[in-house]
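A look at the structure
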Amino acid sequence: MTKAMIIVNPSSGAEESENYTEKLKKQLDAVASEFVIKKTKKSGDAKEFSEEAALNDYEAVFVLGGDGTVSEAVNGLMLHESKLPLGIIPLGTVNNVARAIGIPMNPEKAIDSLEQLTVQQIDVGKLNDRFFISSTSVGPIPESVQEVDVDMKTKFGVFAYLIEGIKALRNDETYTFELDIDGEKWTAEYSMLLIAMSNFVGGVGTIIPEAAIDDGLIHLVTLKETTAKEKLSLVPELFQNKEYTKDQLEHRSFKKARIRLVEDIDKEINCTVDGDKGQTFPLEIEVLPQALSVFA
């Protein structure tokens, strides 16, 4: 490796991101002769930086940040079908992708683990014109994630999402969806759709236990209409690390899907993609098997 790009999100990990960047450089000194450091200042920067790496003479990209920053970098690489390996140093709140790959949550240990630079191929999901590697979701609870601001995440960490999620339990709104999953079509009312690339969702690795980030499949979890009390009763199901036993929760795996809202509603419904506000309906979703190289 002669030239590597390091993309840093300074808002992740606060001032410690500087120290981690220097430690990463020292760790890679033996295998890379040149480093270019790019710091994000706004949404879209990481995507732009990784596009630059994909189109020029870089041999690897390393991201110090959370799932949102990693997702942006992946979009930049995938847009040009780049085979550059991606290294992830988790500095975010949840870090689903890093967990699914097996990267230590401690940034220093994550940097140390790069010593062997083992490359793994993982799946990428494509949602309309956007790529994702963690999850896509629809419904009041996922929508609440979009309301969590940087200050809340800094102050409460992963509990910031839990706080907003609990508030959303009172919302009993459902949507009627028309689904075409690998050619099987049906219409149903759901209060939540969760589409995930691995077993890690919200930092929890038991929600879809049979899912893996390199299994060539996308995983769909649906939640039928439920009261707030019923939603709370379903929580243990998500931590049992086995198939669901409650009728309100269903799981299936697929390779290609089309999902649309049936009825006209008085507000625009956006899905949540890799923790950030995403596309509106209809959704065209497909898996790109082992399309991304990562240091694992």
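Structure report, in brief. (Residues numbered from 1 in each chain as written. Predicted model: local features only at pLDDT ≥ 70, side-chain atom pairs only at ≥ 80, totals over all residues. Heavy atoms only, no water.)

1. A look at the overall build of the protein chain
So the rule is basically this: Strands are runs of DSSP state E lasting at least two residues, helices are runs of H or I lasting at least four, and both sets are numbered from the N terminus onward. Burial status follows relative accessibility: with a 1.4 Å probe on protein chains alone, a residue under 20% of its type maximum counts as buried, one over 50% as exposed, and anything between as partly exposed. In what follows, a contact means two residues having at least one pair of non-hydrogen atoms within 4.5 Å. With residues, only the protein chains shown are counted as cover, and all accessible areas are computed by Shrake-Rupley using a 1.4 Å probe.
In terms of regular secondary structure, the protein chain is built from 9 helices and 16 strands. Relative to its 296 residues, the protein chain shows a buried fraction of 50%. Taking contacts inside the protein chain between residues at least 6 apart in sequence as the whole, the part at least 24 apart equals 74%. Carbon and sulfur atoms provide 47% of the accessible area of the protein chain, an area that totals close to 13800 Å².

2. Remarks on the sheet that holds strand β15 (residues 276-280)
Rule in force here: Strands are treated as partners if at least two bridges between them are detected by DSSP. For helices, the fitted axis covers only the stretch in contact; all axes are lines through C-alpha atoms, and the angles between them, taken along N-to-C directions, range from 0 to 180 degrees.
Pairing is antiparallel across the open sheet formed by 6 strands, whose spatial order is β12-β11-β10-β7-β14-β15. Unpaired on one side and paired on the other, β12 (249-254) and β15 mark the two borders of the sheet. For this sheet the average axis-to-axis angle between neighbouring strands, irrespective of direction, equals 25 degrees. Where strand β7 (residues 135-138) meets strand β10 (residues 192-196), 4 bridges bridge the pair, whose relative direction is antiparallel. Looking at the pairing, V138 lines up with L193 of β10.

3. Here we look at the packing of aromatic side chains
Formally: Classification of ring pairs uses Phe, Tyr and Trp, with its six-membered ring standing for Trp, and accepts pairs whose centres are within 6.5 Å; under 30 degrees between planes counts as stacked, over 60 as edge-to-face, and the remaining range as tilted.
Throughout the structure, instances matching the rule amount to 4 aromatic pairs. Between Y175 and F177, the aromatic rings sit 6.1 Å apart at their centres with planes inclined by 85 degrees, giving edge-to-face as the arrangement. Exposure remark for F177: the relative accessible area of 1% places this residue in the buried category. Three or more aromatic residues link up through ring pairs in this structure, and these residues are Y175, F177, Y190 and F281.

4. Thoughts on the pairing of strand β3 (residues 60-65)
Under the convention used in this document: Note on handedness: a crossover is taken as right-handed if, strands pointing away from the viewer, the path from the first strand over the helix to the second is clockwise.
A large share of β3 lies buried, amounting to 6 of its 6 residues. Every second residue of β3 is oriented toward a common face, with A60, F62 and L64 on one face and V61, V63 and G65 on the other, all of them buried. Looking at chain direction, strand β1 (residues 3-8) and β3 are connected through 5 bridges and run parallel. Following the sheet pairing, I7 is matched in β3 by V63. Crossover β3 to strand β4 (residues 86-90) through helix α3 (residues 67-79) is right-handed.

5. Section: the side chain of K3
As a reminder of what qualifies: Think of it this way: Lys and Arg go in the positive column, Asp and Glu in the negative one, and His and the chain ends go nowhere. In the sections that follow, a salt bridge refers to a side-chain nitrogen of Lys or Arg positioned within 4 Å of a carboxyl oxygen of Asp or Glu.
Note that K3 resides in strand β1. Within the buried set, K3 has no salt-bridge partner at all; the shortest N-O distance to an opposite charge, 4.3 Å, is to E34. K3 has contacts with E34, V36, D57, Y58, E59 and A60, leaving out every residue within four places of it along the chain.

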